[in-house]
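Topology and contacts: notes
Listed below, chain by chain, are the residues.
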Amino acid sequence: MSLKKDEQKKILVKYDNKEKIFKFRWTLYKNGGLVVFREYDRIVAQNVLYLRHKNRSFRVELKTRGADFYNTPYMLVKFKEFDQKSNKALFEIFLSDDKGQIVLEDLNNG
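Report follows, based on the coordinates. From a predicted model like this one, the values you see are computed outputs, not experimental measurements.

1. Remarks on the pairing of strand β2 (residues 9-15)
- Here β2 lies mainly inside the structure; five of its seven residues are buried.
- Sheet analysis places β2 next to strand β3 (residues 18-30), joined by seven bridges and oriented antiparallel. Each residue of the ladder has a partner; that of K9, found in β3, is F24.
- Joining the antiparallel neighbours β2 and β3 is a turn of two residues, in which D16 adopts a positive phi near 50°.
- Here four bridges tie β2 to strand β9 (residues 103-106), and the two strands are oriented antiparallel to one another.

2. Regarding the packing of aromatic side chains
- One pass over the structure, following the stated rule, counts nine aromatic pairs.
- Ring geometry for F22 versus F58: centroids 6.4 Å apart, planes at 55°, classification tilted. Placement of F22 in strand β3 and of F58 in strand β6 (residues 57-61) is noted, with a sequence separation of 36 residues between them.
- Given the relative accessible area of 0%, F22 is considered buried.
- What makes F58 buried here is its relative accessible area of 3%.
- A ring pair is formed by F24 and F58, whose centres lie 6.2 Å apart and whose planes are at 80°; its orientation type is edge-to-face. Within this pair, whereas F24 is found in strand β3, its partner F58 is found in strand β6, the two being separated by 34 residues in sequence.

About the criteria used
Residues numbered from 1 in each chain as written. Predicted model: local features only at pLDDT ≥ 70, side-chain atom pairs only at ≥ 80, totals over all residues. Heavy atoms only, no water. Buried < 20%, exposed > 50% of the residue type's maximum accessible area, 1.4 Å probe, protein only. Helix = DSSP H or I, 4+ residues; strand = E, 2+ residues; numbered from the N terminus. Pairing = 2+ DSSP bridges. Phe/Tyr/Trp six-rings, centres within 6.5 Å; stacked < 30°, edge-to-face > 60°.

Dropping the structure here:
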């Protein structure tokens, strides 16, 4: 999935009887670093991701660590590449959910 500057990605996260929205966007690409703002479950954070470093991705835990302390479902957002011509950043999103409790729905594509 590719995003232009300040284009927001919204993903609906559903589990049990809950629905939460995960949002992220990037605001700056400079010296190989991509500044990403994200929000999930009232937690707002900022990451700087780099293509040629260990910090190419960030992880978002999707449920609180109750009984599933060791296998908390999470989403991993990975920065894949930056297209200088179109000025877009390419991301991959992975879901780790051993028990199959989480449903993700892309809100940008209807």
